[in-house]
Amino acid sequence: MPSEESAGSPQSPEPPRQVLADTVYEAIKAMVMDHEIAPEARVGIDALARTLAVSPTPVREALARLESDGLVVKRSQAGYRATALLTSQGLEELFDMRLLLEPEAAALAARHADEARLDRLEQLQESMRSLPGSGDRYAVYREFAALDQRFHETVAEAAGRPLLCDAVERLHSHLHIFRLSSIPGAGEPTHAEHDRIVRAILRRSPERAAAAMTDHLRSSLERQRGRRGRPA
């Protein structure tokens, strides 16, 4: 028979394991993006578990995912630390790499994208229009940043070159850039620049697609350079 205590005090069901894991991951990710966990600071598993009122297991799983994202690094005998912010030189080098890879990906996408990927690009662009592209907290612009990253990854996928796509995805460029701080007013020019890329790909124009992606990346870099003098 159930005890009086168990009969009179029904326990709330625990969230499914994957839901809990995703929630913990997003919570810690926001702490890193908002610098609540400072760049290069040690990330304590037990302390995070207490803060989030969970066991250490989902925290460990979240940190493994964040390591894959490039937001934390695991050091032998030293646990996890948040990665350093991009320096000015690091930002320039990141965009150098993107300018080598992504215009070519856009050109190949104009040649090879199937209808499903074309539809996906248009859907992503439409979804971004209603979202804030900047804010004081990562939670405000998280969806915009995620869709922005997905847009660029979908262009790379549409190129039909798995190694090129993998290289674009491994840069983790959007996470590192948005972690510097969001840029007020960046949403509108980003939409306009994405529109040019999508139109060129839909029209099957490799040259225009490459040029549109190049212009977008260069404009994005200029916006990032313009953040200097504002707090990160």
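Residues numbered from 1 in each chain as written. Predicted model: local features only at pLDDT ≥ 70, side-chain atom pairs only at ≥ 80, totals over all residues. Heavy atoms only, no water.

(A) Structural view of a negative patch on the surface. The grouping of Asp114, Glu115, Asp119 and Glu122 at the surface amounts to a negative patch. Within the secondary structure layout, Asp114 lies in the loop between helix H5 (88-112) and helix H6 (115-129). Taking relative accessible area as the criterion, Asp114 reaches 41% and is therefore assigned partly exposed. (Patch = residues over 30% accessible without salt bridge, like charges linked within 9 Å, V, L, I, M, F, W, Y side chains within 5 Å. Areas by Shrake-Rupley, 256 points an atom, 1.4 Å probe, with all protein chains shown as cover. Salt bridge = Lys/Arg side-chain N within 4 Å of Asp/Glu carboxyl O. Lys, Arg positive; Asp, Glu negative; His and termini not counted. Charge placed at Lys NZ, Arg CZ, Asp CG, Glu CD. Helix = DSSP H or I, 4+ residues; strand = E, 2+ residues; numbered from the N terminus. Buried < 20%, exposed > 50% of the residue type's maximum accessible area, 1.4 Å probe, protein only.)

(B) Summary view of H5. Between its first and last C-alpha atoms H5 spans 35 Å; for 25 residues at 1.5 Å apiece the expected length is 36 Å, and the two agree. By the largest-angle criterion, Leu99 marks the main kink of H5, which is about 30 degrees, and a proline, Pro103, follows within four residues. (Expected span 1.5 Å × (residues − 1). Bend = angle between axes of the 7 residues up to and from the residue.)

(C) Local environment of unusual backbone geometry. We note that His35 has phi near 65 degrees; this positive angle belongs to a residue other than glycine. One can find His35 in the loop between helix H2 (17-33) and strand E1 (42-43).

(D) Local environment of the side chain of His172. You can see His172 is positioned in the loop between helix H8 (162-170) and helix H9 (173-180). Classification of His172 by relative accessible area gives buried; the value is 19%.

(E) Quick look at the sheet that holds strand E3 (residues 79-82). Spatial strand order, E1-E3-E2: three strands in an open sheet with antiparallel pairing. On the outer flanks of this sheet lie E1 and strand E2 (72-75), each paired with one strand and no other. Alignment of E2 against E3, held across four bridges, turns out to be antiparallel. Note on E3: the bridge partner recorded for Val72 is Ala82. Against the sheet, helix H4 (residues 56-69) engages E1, E2 and E3, with an angle of about 110 degrees to E2. (Pairing = 2+ DSSP bridges. Contact = heavy atoms within 4.5 Å. Axes fitted to C-alpha atoms, helices over the stretch in contact; angles between N-to-C directions.)

(F) Structural view of the nonpolar core. Residues Val155, Leu164 and Ile201 are the most contacted members of the largest nonpolar core, which totals 32 residues. For this core, the secondary structure elements donating two or more residues are H5, H6, helix H7 (138-158), H8, H9, helix H10 (187-202) and helix H11 (206-225). Not counting the four nearest positions on each side in its chain, Leu164 is found in contact with Leu101, Ala105, Leu108 and Ala159. (Core = buried A, V, L, I, M, F, W, Y, C linked by side-chain atoms within 4.5 Å.)

(G) Looking closely at the pairing of E3. Bridge analysis of E1 against E3 gives two bridges, and the strand direction is antiparallel. Along E3, the bridge assignment pairs Arg42 with Arg81. Connecting the antiparallel pair E2 and E3 is a turn made up of three residues, with Gln77 showing a positive phi of about 65 degrees.

Read these as geometric descriptors, not functional statements.
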